[in-house]
Amino acid sequence: MNRILNAIAISALLAASAPSYAQQVTTKDQIIGTWKVVSLKGLTAGLVKYPLGEQPQGYVTVTPTRMWLLFVDSRRATPASPTLTDAEAIAAMKTSVAWTGQYTIGGQSPDGLKATARVDTASSPALPGTDRVYFMKVEGNKLTMRSPGVIEPMTGVTSALVIELVKAD
């Protein structure tokens, strides 16, 4: 009898000490809101790159049906006048990304809630009609968005993106 009680006690202790997947589940309600970018990293062939610099600026807004994203490189130069030269316009395009689209939720994984956005409008004409897949995990006031692999519009490189954000509203 003692062996059975000991086995039950050990099993209970092991179960209580193991990380619970259910405790880490992110819900759709948790991702809704406006989030300010803290970092944006591209992971390519084991290398970490910062396609918009190490201190990007921008926001992600998520409603119940739509996602908006706007990121810029905080190091980009201020233009000489409100009317951009061709060179300034090219530099602005290569130092920013913006898109919007409706999204659907596709379930949970250890990386978070799967959200697939169908881009309908974007700063880059190459993005409309494409899907952006992110695994989104909320922990407190922080949101992490992980993309398994996308072409970065500003560099053309295919990377796994990791975007870290904090609640802005």
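Not measured: the values here are computed from a predicted model. (Residues numbered from 1 in each chain as written. Predicted model: local features only at pLDDT ≥ 70, side-chain atom pairs only at ≥ 80, totals over all residues. Heavy atoms only, no water.)

*Asks:* Requested: an account of the overall build of the chain, with residues and values cited.
*Replies:* Across its full length, the chain carries 3 helices and 9 strands. The secondary structure elements of the chain, listed N-terminal to C-terminal, are α-α-β-β-β-β-α-β-β-β-β-β. Taken over 169 residues, the chain has a buried fraction of 34%. Counting only contacts in the chain whose residues sit at least 6 apart along the sequence, the fraction spanning at least 24 positions is 50%. With an accessible surface of roughly 10,000 Å², the chain has 59% of that area assigned to carbon and sulfur atoms. (Helix = DSSP H or I, 4+ residues; strand = E, 2+ residues; numbered from the N terminus. Buried < 20%, exposed > 50% of the residue type's maximum accessible area, 1.4 Å probe, protein only. Contact = heavy atoms within 4.5 Å. Areas by Shrake-Rupley, 256 points an atom, 1.4 Å probe, with all protein chains shown as cover.)

*Asks:* Requested: an account of unusual backbone geometry, with residues and values cited.
*Replies:* Unusually for a residue other than glycine, alanine 45 sits at a positive phi of about 50 degrees. Tracing the chain through its elements places alanine 45 in the loop between strand E1 (33-44) and strand E2 (47-49).

*Asks:* Explain the nonpolar core residue by residue, including any values.
*Replies:* Core analysis: the biggest nonpolar cluster contains 27 residues, and Met67, Phe71, Trp99, Met136, Met145 and Leu165 have the highest contact counts within it. Counting residues per element, the ones that place at least two in this core are E1, strand E3 (57-62), strand E4 (66-72), strand E5 (96-109), strand E6 (112-122), strand E7 (131-139), strand E8 (142-151) and strand E9 (158-167). By residue number, the principal contributor to this core is E6, which donates 4 residues. (Core = buried A, V, L, I, M, F, W, Y, C linked by side-chain atoms within 4.5 Å.)

*Asks:* Any chance you could break down the packing of aromatic side chains for me, citing the residues and the numbers?
*Replies:* The final tally for this structure, using the stated rule, is 1 aromatic pair. Relative to tyrosine 134, the ring of tryptophan 99 lies with its centre 6.4 Å away and its plane at 10 degrees, an arrangement referred to as stacked. Within this pair, whereas tryptophan 99 is found in strand E5, its partner tyrosine 134 is found in strand E7, the two being separated by 35 residues in sequence. Like tyrosine 134, tryptophan 99 is buried. Between the NZ or CZ atom of arginine 66 and the centre of the ring of tryptophan 68, over which it lies, the distance is 5.9 Å. (Phe/Tyr/Trp six-rings, centres within 6.5 Å; stacked < 30°, edge-to-face > 60°. Lys NZ or Arg CZ within 6 Å of the ring centre and 35° of its normal.)

*Asks:* Hey, could you go over the environment of proline 128 for me, with residue numbers and the actual values?
*Replies:* Topologically, proline 128 is positioned in the loop between E6 and E7. On the accessibility criterion, proline 128 (37% relative accessible area) is partly exposed. Leave out the neighbours within four places in its chain, and proline 128 touches Val119, Asp120, Thr121 and Ala122.

*Asks:* So what's going on with the confidence of the model for the chain? Residues and values would help.
*Replies:* Caution applies to low-pLDDT regions: their predicted coordinates should not be interpreted in detail. Predicted confidence across the chain gives a mean pLDDT of 86, with 85% of residues reaching 70 or more. Mean pLDDT across the elements of the chain bottoms out in helix H1 (residues 2-17) (44) and peaks in E3 (98). (pLDDT = per-residue confidence, 0-100.)

*Asks:* Give a detailed account of the environment of aspartate 111, specifying residues and quantitative values.
*Replies:* Within the secondary structure, aspartate 111 is located in the loop between E5 and E6. Since its relative accessible area comes to 41%, aspartate 111 is described here as partly exposed. Contacts of aspartate 111, omitting those with residues within four sequence positions, involve Phe135, Met136, Lys137 and Arg146.

*Asks:* Lay out a nonpolar patch on the surface with the relevant residues and their values.
*Replies:* A grouping of Leu43, Val48 and Tyr50 is seen on the molecular surface, where their side chains present a nonpolar patch of about 240 Å² in accessible area. Within the fold, tyrosine 50 resides in the loop between E2 and E3. (Patch = residues over 30% accessible without salt bridge, like charges linked within 9 Å, V, L, I, M, F, W, Y side chains within 5 Å. Salt bridge = Lys/Arg side-chain N within 4 Å of Asp/Glu carboxyl O.)

*Asks:* Before we move on, could you go through the pairing of E8 and cite the residues and values that matter?
*Replies:* The two faces of a sheet get side chains in turn, since along a regular strand they alternate between them. In this sheet, E8 lies alongside E7 in antiparallel orientation, the contact comprising 5 bridges. Counted as the bridge partner of methionine 136 is methionine 145 from E8. The antiparallel hairpin formed by E7 and E8 contains 2 residues in its connecting segment, where glycine 140 sits at a positive phi of about 65 degrees. Summarising the sheet, E8 and E9 pair through 8 bridges and their orientation is antiparallel. By the bridge assignment for E9, valine 150 is matched with serine 159. (Pairing = 2+ DSSP bridges.)

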